[in-house]
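The residues making up each chain are set out below.
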Amino acid sequence: MSLALLAAYVTAVGVLFPRRLARAAWTSHAPRLAAGTWLVTAVSVLSVALLAAAVLVTPLHTLGDAFVLLLQGCGWPPQLRAPSGPSEYAGLAIISWMVGSTVSSGYVVCRAARRERRRHRCDLHLLGEPAGTGVVVLDHPQPSVFCVPGDGGHIVLTRGALDVLSPAELVAVLAHERAHLSGRHHVIVLLPAILATAFPRMPLFTLALSEVRRLVELAADDKALRRATPATLVQAVLRLAAPASAQHPATGMFHATGTATTERVLRLVTPRPRRARLAMLSRLLVAVSFAATPLAAVALPAVTDLASHCTEITTSRPPAEVDRR
Amino acid sequence: MERLGDLEAEVMDQLWAARGPVSVRGVRDALQSTRPLAYTTVMTVMDRLFHKGWLVRDRVGRSYQYRPALSRGEYTARMMRDVLSTTDDRGLALLHFVDTMAPAEYEALQEALRWHRSRPPRAAEPPCVEGETS
């Protein structure tokens, strides 16, 4: 019964909900709340899936009891014992597969990103011209701006970008990149990236990765708007997104982000809808409930018969102390 | 104690500015004008740059003559190719301000912006807005 419920949750929240959330229009107006919802949902589904596998090994209420007993320091719960029977082995195998692939892709993804950043930092150190705190200019004709997080973070401008941007646009661009660095957006993107690498077939994780990437750009734009007008920021985006011309032939390739850029720009020129507080609050509640589900799934059955169990096991302790905890 | 990394950048600047191969002594003498440097320090830095692939060296007599493996422009072009090329990890190592758009998409975006600007500011709805779905 509980296994079916948990599996239904994983299917609904891991497959159906992400498609709905990715289409929702409100995410563009509240990028931080939306990114938070994606992250919370991803963690929630991962933990509920782990729970479902754990249920194969031992019933949910036992699991909850064990959890509570461990929290209370009642000692190692007696319910946990060596597996016997195929379903228990299957549960343990699934758990170790999930934990193993999450940890190993976490290692691989983090190491690759760190290595690439280190290489870029080394190149920048030898090739770039420092221009102000944390800003480096690269002598290259193609207009481009990017930031390399880590080690304090560096914002890189090419000579081509300096040539096409007006001073006000430059302020807007720098504010956008600083927002990436100060908001630690590279860390935020890391979690869905790890999960999408570990479980590439899970729609929630792959959609979370592309959506969180899009949403951090919008969040950085919002922060940049404190220092620049929307028109200036739009102009800066247009100048840097301009297709390669004969003057500076394309060094890279086109990316499949054209639509995202179009939406990003149109969002800046469209008047904001008035914030409907009630709607935002309800979305916040949805996110919170996702976060609470796995915890509740463990805790609820346990709480129901917590009193009897814990007092049985810890007869040496005065019951008042147990109650207070 | 000076950080070796800063010295690396200065040594590369010297070698890129030089016309031909330079010995460790030559680089040290050029840098000496700004501050005193031990011969071994400069040698260590240049050896490191050689092992990192930034310098190539030829043995001339009892010492090495160094020159840059690539010109500054070639290195910069290589780095930019690296930065702008598509890989699956994009967005993890670096965060770009915006990617270059395809010409057709860029045209369409400019068209949409012209349409936006031509409208009176009070007309509220954008051209293609989805209904709130959640």
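Up top you'll find the structure we're talking about.
Just so you know, these numbers come straight off a predicted model, no measurement behind them.

A. Structural view of the overall build of chain A. Per the secondary structure count, chain A includes 14 helices and four strands. Considering chain A as a whole, with its 325 residues, one finds that 48% of them fall into the buried category. When contacts within chain A are restricted to residue pairs at least 6 apart in sequence, long-range pairs at least 24 apart make up 70% of them. Surface exposure of chain A reaches about 16,000 Å², of which carbon and sulfur atoms provide 65%.

B. Here's a closer look at helix 9 (residues 203–224) of chain A. Between its terminal C-alpha atoms helix 9 of chain A stretches 31 Å, which fits the 32 Å expected from 22 residues at 1.5 Å a residue. Among the 22 residues of helix 9 of chain A, 16 are classified as buried, and the element is accordingly described as predominantly covered.

C. Focus on the packing of aromatic side chains. One pass over the structure, following the stated rule, counts eight aromatic pairs over all chains. Between Trp54 of chain B and Tyr75 of chain B, the aromatic rings sit 4.2 Å apart at their centres with planes inclined by 20°, giving stacked as the arrangement. With Trp54 of chain B in the loop between helix 3 (39–52) and strand 2 (55–60) and Tyr75 of chain B in helix 4 (residues 72–84), this residue pair connects regions lying 21 residues apart in the sequence. Members of the aromatic cluster, connected to one another through ring pairs, are Tyr9, Phe17 and Phe290 of chain A. Across from the ring centre of Tyr64 of chain B, 4.0 Å away, lies the NZ or CZ of Arg57 of chain B, which sits over that ring.

D. Focus on the pairing of strand 3 (residues 145–148) of chain A. Burial along strand 3 of chain A is two-sided: Val145 and Cys147 of chain A facing one way and Phe146 and Val148 of chain A facing the other are all buried. As judged from the four bridges shared by strand 3 of chain A and strand 4 (residues 154–158) of chain A, these two strands associate in the antiparallel manner. Bridge pairing in strand 4 of chain A places Val145 of chain A opposite Leu157 of chain A. Relative to strand 4 (residues 95–96) of chain B, strand 3 of chain A is paired through two bridges, and the arrangement is antiparallel. Considered in strand 4 of chain B, the bridge of Phe146 of chain A is made with His96 of chain B.

E. Highlighting the interface of chain A and chain B. Across the contact, 69 residues belong to chain A and 51 residues belong to chain B. Note on chain A versus chain B: buried area summed over both sides is about 5,400 Å², and carbon and sulfur give 64% of it. The tally of links between chain A and chain B comes to one salt bridge. Here Asp82 of chain B makes a salt bridge to Arg119 of chain A, at a shortest N to O gap of 2.5 Å. Counting the contacts that link chain A with chain B gives nine residue pairs in polar contact (both at pLDDT 80 or more). Those elements that provide at least two residues to the side of chain A that touches chain B are helix 1 (2–23), helix 5 (86–127), strand 3, helix 7 (167–182), helix 8 (185–198), helix 9, helix 10 (230–241) and helix 11 (258–269) of chain A. It is helix 5 of chain A that contributes the most residues to the side of chain A that touches chain B, 13 residues altogether.

F. Spotlight on the pattern of salt bridges. Residue and element names in this part refer to chain A. Scanning the entire structure with this criterion turns up 16 salt bridges over all chains. In this structure, Arg159 and Glu129 form a salt bridge, with 3.5 Å as the shortest nitrogen-oxygen distance. Here Glu129 lies in strand 1 (residues 129–130) and Arg159 lies in helix 6 (residues 159–164), a separation of 30 residues in the sequence. Classification of Arg159 as partly exposed rests on a relative accessible area of 30%. One salt bridge connects Arg264 with Asp221, and the closest N-O pair in it is separated by 2.8 Å. Pair noted here: Arg264 is in helix 11 and Asp221 is in helix 9, with a separation of 43 residues, a long-range link. As far as burial versus exposure is concerned, Arg264 and Asp221 are alike and both buried.

Cut-offs used in this document
Residues numbered from 1 in each chain as written. Chains lettered and ligands numbered in written order. Predicted model: local features only at pLDDT ≥ 70, side-chain atom pairs only at ≥ 80, totals over all residues. Heavy atoms only, no water. Helix = DSSP H or I, 4+ residues; strand = E, 2+ residues; numbered from the N terminus. Buried < 20%, exposed > 50% of the residue type's maximum accessible area, 1.4 Å probe, protein only. Contact = heavy atoms within 4.5 Å. Areas by Shrake-Rupley, 256 points an atom, 1.4 Å probe, with all protein chains shown as cover. Expected span 1.5 Å × (residues − 1). Phe/Tyr/Trp six-rings, centres within 6.5 Å; stacked < 30°, edge-to-face > 60°. Lys NZ or Arg CZ within 6 Å of the ring centre and 35° of its normal. Pairing = 2+ DSSP bridges. Buried area = accessible area lost by both parts, 1.4 Å probe. Salt bridge = Lys/Arg side-chain N within 4 Å of Asp/Glu carboxyl O. Polar contact = N/O pair within 3.5 Å; in protein donor to acceptor, adjacent residues only side chain to side chain.

Taken by themselves, the reported measurements are silent on function.
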